[in-house]
Amino acid sequence: MKNKGVLLVVSGPSGVGKGTVCQQLLKAHPEVFFSVSATTRKMREIDQEGVTYYFKTKEEFEQMVADDALLEWATFCDNSYGTPKAPVLERLNEGTSVLLEIDVQGALQVKKNYPDAVLVFILPPSLSTLEERLRNRGTETEETIQVRMKQYRREFEQATAYQYLVINDDLSKAVCDLEAVLRAEQMRTERCQQIIEEVFE
Ligand code: 5GP
């Protein structure tokens, strides 16, 4: 019997810095497996096949869905994103913790199918901070800023379904908070069968 890995699912609105928080956690914890998603969206300059995503055609993605090869999947802005199931389940069975950085729809699907999953929502210190960041980027019209803010509010409403909230005001504190969640969840009695057996051997 092995200790079970934690399936840690992180979501949050774009611009909140969840990618950076996750990267910092992985840097400090190379033993955690980061699940690389499959997507039909076009590659961006910073993307690397197999590192940021596995890039798929629509047909390839549909085949993965038909083969039940995805743990969860979601479509937004005409692009589909999904978590390849096999690598995640293999790692968890080995006792390795797994980090998923996915959207709210996907996270809720994971929680439904894997109630052991631990959901963490990253919040900005205030909604106005996000609005300010968007404005400062200078890439959005006032109309798209308002559409995005409405979308953010809807996402925040779903945050109540998450077990933990991490406020990304200060990056190193946010990383520490996420680490604390991971550590505490790894120490839950029901995940520690191996330790219990060793102690009582
Ligand atoms: P981007 O296209 O900017 O890389 O990602 C857009 C959104 O897709 C982000 O909110 C990200 O969390 C989400 N996402 C990335 N991979 C997955 C996945 O495998 N499943 C789901 N449901 N969402 C994902």
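Before any of the text, the structure's been laid out above.
Note that the structure is predicted; figures quoted are calculated from it, not measured.

Here we look at the side chain of Thr-40
Point 1. Locating Thr-40 in the fold gives a position in the loop between strand 3 (37-39) and strand 4 (53-55).
Point 2. For Thr-40, a relative accessible area of 17% puts it in the buried group.
Point 3. A polar atom in the side chain of Thr-40 sits 2.9 Å from the backbone nitrogen of Ser-80.
Point 4. Other than its neighbours up to four places away in sequence, Thr-40 contacts Lys-56, Thr-57, Lys-58, Phe-61, Asp-78, Asn-79 and Ser-80.

Examining the side chain of Thr-39
Point 1. Assignment of secondary structure puts Thr-39 in strand 3.
Point 2. A distance of 2.9 Å separates a polar side-chain atom of Thr-39 from the backbone oxygen of Ser-80.

Here's the deal with the site of the ligand
Point 1. Taken together, the neighbourhood of the ligand is formed by 15 residues, with Ser-37, Arg-41, Tyr-53, Tyr-81 and Asp-103 sitting nearest.
Point 2. The separation between an oxygen atom of the ligand and a polar side-chain atom of Arg-41 is 2.6 Å.
Point 3. A distance of 3.2 Å separates an oxygen atom of the ligand from a polar backbone atom of Gly-82.
Point 4. Isolated, the ligand exposes 510 Å² of accessible area, and the fraction of that covered by the protein chains is 83%.
Point 5. Under a 2 Å grid-point criterion requiring more than half of the atoms, the pocket assigned to the ligand is the largest pocket.
Point 6. Of all the secondary structure elements, the ones that give two or more residues to the shell around the ligand are strand 5 (70-76) and strand 6 (79-84).
Point 7. The class makeup of the residues in the shell around the ligand is 5 nonpolar, 4 polar and 6 charged.

Some remarks on the packing of aromatic side chains
Point 1. Tallying each qualifying case throughout the model produces 6 aromatic pairs.
Point 2. Aromatic side chains Phe-76 and Tyr-81 sit 4.9 Å apart centroid to centroid with 20° between the ring planes, which places their arrangement in the stacked category.
Point 3. Members of the aromatic cluster, each reached through a chain of ring pairs, are Tyr-53, Phe-55, Phe-76 and Tyr-81.
Point 4. Above the ring of Phe-33, the side-chain terminus of Arg-91 is found at 4.0 Å from the ring centroid.

A short note on the layout of surface pockets
Point 1. Empty space within the largest pocket amounts to approximately 1500 Å³.
Point 2. Ser-14, Lys-18, Tyr-53, Tyr-81 and Glu-101 are the residues nearest the centre of the largest pocket, which is lined by 41 residues in total.
Point 3. Considered class by class, the residues forming the lining of the largest pocket number 15 nonpolar, 16 polar and 10 charged.
Point 4. Lining the second largest pocket are 13 residues; nearest its centre among them are Lys-4, Gly-5, Leu-92, Asn-93 and Asp-116.
Point 5. It is helix 3 (residues 85-94) that contributes the most residues to the lining of the second largest pocket, 3 residues altogether.
Point 6. Of the residues in the lining of the second largest pocket, the class split is 6 nonpolar, 3 polar and 4 charged.

Details of the nonpolar core
Point 1. Ranked by internal contacts, the top residues of the largest apolar core, which has 25 residues, are Leu-7, Val-9 and Leu-100.
Point 2. Breaking this core down by element, the ones donating at least two residues are strand 1 (7-11), helix 3, strand 7 (98-101), helix 4 (104-113), strand 8 (118-123), helix 5 (127-137) and helix 6 (142-158).
Point 3. Tallying contributions element by element places helix 6 first for this core, with 4 residues.
Point 4. Leu-25, Ile-122, Val-175 and Leu-178 belong to the second-largest nonpolar core, a separate cluster that totals 19 residues.

A closer look at the sheet that holds strand 2 (residues 33-34)
Point 1. Spatial strand order, 2-7-1-8-9: 5 strands in an open sheet with parallel pairing. Whereas interior strands pair on both sides, the edge strands pair on one side only; in this sheet they are strand 2 and strand 9 (164-167).
Point 2. In terms of strand pairing, strand 8 meets strand 9 through 4 bridges, oriented parallel. Bridge pairing in strand 9 links Phe-121 to Leu-165.
Point 3. Across the sheet, helix 4 touches strand 1, strand 7 and strand 8, and the angle it forms with strand 1 is around 155°.

About the thresholds
- Residues numbered from 1 in each chain as written.
- Predicted model: local features only at pLDDT ≥ 70, side-chain atom pairs only at ≥ 80, totals over all residues.
- Heavy atoms only, no water.
- Helix = DSSP H or I, 4+ residues; strand = E, 2+ residues; numbered from the N terminus.
- Buried < 20%, exposed > 50% of the residue type's maximum accessible area, 1.4 Å probe, protein only.
- Polar contact = N/O pair within 3.5 Å; in protein donor to acceptor, adjacent residues only side chain to side chain.
- Contact = heavy atoms within 4.5 Å.
- Near = heavy atom within 4 Å.
- Areas by Shrake-Rupley, 256 points an atom, 1.4 Å probe, with all protein chains shown as cover.
- 1 Å grid on protein atoms, 1.4 Å probe; cavity = no way out; pocket = protein on both sides within 12 Å on 5 of 7 lines; lining within 4 Å.
- Sits in = over half its atoms within 2 Å of the grid points.
- Nonpolar A, V, L, I, M, F, W, Y, C, P; charged D, E, K, R; others polar.
- Phe/Tyr/Trp six-rings, centres within 6.5 Å; stacked < 30°, edge-to-face > 60°.
- Lys NZ or Arg CZ within 6 Å of the ring centre and 35° of its normal.
- Points joined across faces, edges and corners; volume = space filled by probe spheres on them.
- Core = buried A, V, L, I, M, F, W, Y, C linked by side-chain atoms within 4.5 Å.
- Pairing = 2+ DSSP bridges.
- Axes fitted to C-alpha atoms, helices over the stretch in contact; angles between N-to-C directions.

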